[in-house]
Amino acid sequence: MPSRLPLLLLLLLLVAASSSDPISLPLRRTPLPPHPDPLHRLAALASASYFRASLLKNPHRRSSPPSATSSLFPHSYGGYSFNLAFGTPPQELPLLLDTGSHVTWLPCTSSYHCRRCASPSGNTITPFLPRSSSSAVLVGCRNPRCLWIHSADFLSSRCAACNNITSDCPVSACPPYALIYGSGSTAGLLMLETLGFSGRTFPNFTVGCSVFSQRQPAGGIAGFGRGAPSLPSQLGLRRFSYCLISRRYDDDASERGSVVLDPPKQDSSSGLSFTPFLNNSAAGADSPFSVYYYVGLLEIAVGGKKVKVPHSSLLPDRIGNGGVIVDSGATFTYMASKVFDPVLAAFVDRVAGRYNRSAGLEVQTGLRPCFAVPPNATDVELPELAFRFKGGAEMRLPMENYFVFADAAGVCLTVISDGDDVATADVAGGPAVILGNFQQQDYLVVYDLERRRMGFRRQSCLII
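Residues numbered from 1 in each chain as written. Predicted model: local features only at pLDDT ≥ 70, side-chain atom pairs only at ≥ 80, totals over all residues. Heavy atoms only, no water.

Participant: Looking at this model, I keep getting lost on the packing of aromatic side chains. Mind explaining?
Facilitator: The description of an aromatic ring pair rests on the distance of the ring centres and on the angle between the ring planes. Under the definition given, this model contains 19 aromatic pairs. Here the aromatic rings of Phe-277 and Tyr-293 are separated by 5.2 Å at their centres, their planes lie at 40°, and the arrangement is tilted. Of this pair, Phe-277 sits in strand E13 (residues 273–278) while Tyr-293 sits in the loop between E13 and strand E14 (294–295), and the two are 16 residues apart along the sequence. Under the relative-accessibility criterion, Tyr-293 is labelled buried at 2%. Measuring from centroid to centroid gives 6.0 Å for Phe-289 and Tyr-292, while their planes differ by 35°, and the two rings are tilted. Relative accessible area serves as the criterion here: at 10%, Phe-289 is assigned to the buried category. Tyr-292 sits in the buried class, given a relative accessible area of 3%. (Phe/Tyr/Trp six-rings, centres within 6.5 Å; stacked < 30°, edge-to-face > 60°. Helix = DSSP H or I, 4+ residues; strand = E, 2+ residues; numbered from the N terminus. Buried < 20%, exposed > 50% of the residue type's maximum accessible area, 1.4 Å probe, protein only.)

Here is the structure:
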């Protein structure tokens, strides 16, 4: 009997470890600076969404400078953020939740400089201060984590002074990184730091200490994409989920949704629809496309009728282009012209006879189609937009998730494409559809990493 006690104790410890409570954190809409002209605001969000899509489709191409309208929102894409604490003692910062990238970084050091990154309230950005933390350590040049952002060939020459490839190099730090996003960029050094939230701590978390940024969120970005550097990978999460609060609460900063780390297992009995993650077979481990969460979109329906889009565009081709990804960091959904043009035509056809198309609103907002509606209308009837996925999952969007009132007399579809006038950058290649956060409002979205699938369920995301 005594010999069984250690085994019993081990089993009890394993059960306790496996039944740990999920961690739920408040997820707030990243506030945007006020602007008296709603059309200008809408054009800015469309422009920022376009440049975000441009970057996700062409990660190695340096983005052209955003147009004048996008500079209205230099700090975000209209995203959602939550607070994390780093360091010993902890320093708390708001980070943008981003499933389209996998590196987590912070504004860092008292010398941090950011061009056009001021917070919408006008407050000064508060950076993380490594000197005030006893647990901050730079990642060494020969630390394997340095390979998360640099190639082995590049490091072979830069780390020549280090002889032990399996440990931190005391002579040289990992070379600086430069990360380019749709609206700007950030640069700095990798460091190991203690991450903390909800009373738990995770030592040696690899995070970017950014010393310079341009047009980035005031508090940094939490990378939730696929890949070793991502927050889910570093914490060993089996699942994570988020519920994005409706944009109808844009004027109330106190309202919030939630992000949950390692929520309990759920199945279709809880009302969730599931679709498997797909692999982009042409995207190897070194490909920037390997970071994305691909899903199998089988059909797009407008007004209950299937839209004839090229099925080949909805799956990655032999060189990795095409396919459908889910991105919490983009505002409006992007569709390549081969997909968008028939969707546009379907909306125009099904609305014909009810509302007139408004070319003026389309020019001012960069969105299409836009329709003129009776002034101060509160009851507008428009065709339903639905996405049907592999595995039988279906997302039938409420109208507020794909149409927006541009002003008192018009509504516009919140989907952008290559043909929009908001930018001129080349966005050839890459994913054909990028499902943005505007279309994910008031949906519980579950990323089941353990079973390699995504689940979603429409519900109110407002935490009461």
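Participant: Sorry if this is basic, but what is going on with the side chain of Glu-362 here?
Facilitator: With respect to the helices, strands and loops of the structure, Glu-362 is situated in helix H6 (residues 359–365). Of the residues examined, Glu-362 reaches a relative accessible area of 14% and is grouped as buried. Within polar-contact distance, the side chain of Glu-362 engages the backbone nitrogen of Cys-370 at 3.0 Å. With near-sequence residues (within four places) excluded, Glu-362 lies in contact with Arg-357, Leu-367, Arg-368, Pro-369 and Cys-370. (Polar contact = N/O pair within 3.5 Å; in protein donor to acceptor, adjacent residues only side chain to side chain. Contact = heavy atoms within 4.5 Å.)

Participant: Can you walk me through the state of the cysteines in this structure?
Facilitator: Here a disulfide denotes a covalent bond joining the sulfur atom of one cysteine to the sulfur atom of another. Using the criterion set out here, one finds five disulfides in the structure. With a sulfur-sulfur separation of 2.0 Å, Cys-146 is cross-linked through a disulfide to Cys-174. The sign of the 85° torsion about the S-S bond sets the Cys-146-Cys-174 disulfide as right-handed. Of this pair, Cys-146 sits in the loop between strand E6 (137–138) and helix H3 (152–158) while Cys-174 sits in the loop between H3 and strand E7 (177–180), and the two are 28 residues apart along the sequence. Classification of Cys-146 by relative accessible area gives buried; the value is 0%. Disulfide partner of Cys-370: Cys-412, at an S-S distance of 2.0 Å. Disulfide Cys-370 to Cys-412: torsion about the S-S bond roughly 110°, handedness right-handed. (Disulfide = S-S within 2.5 Å.)

Take it as geometry only, folks, not as evidence of what the structure does.
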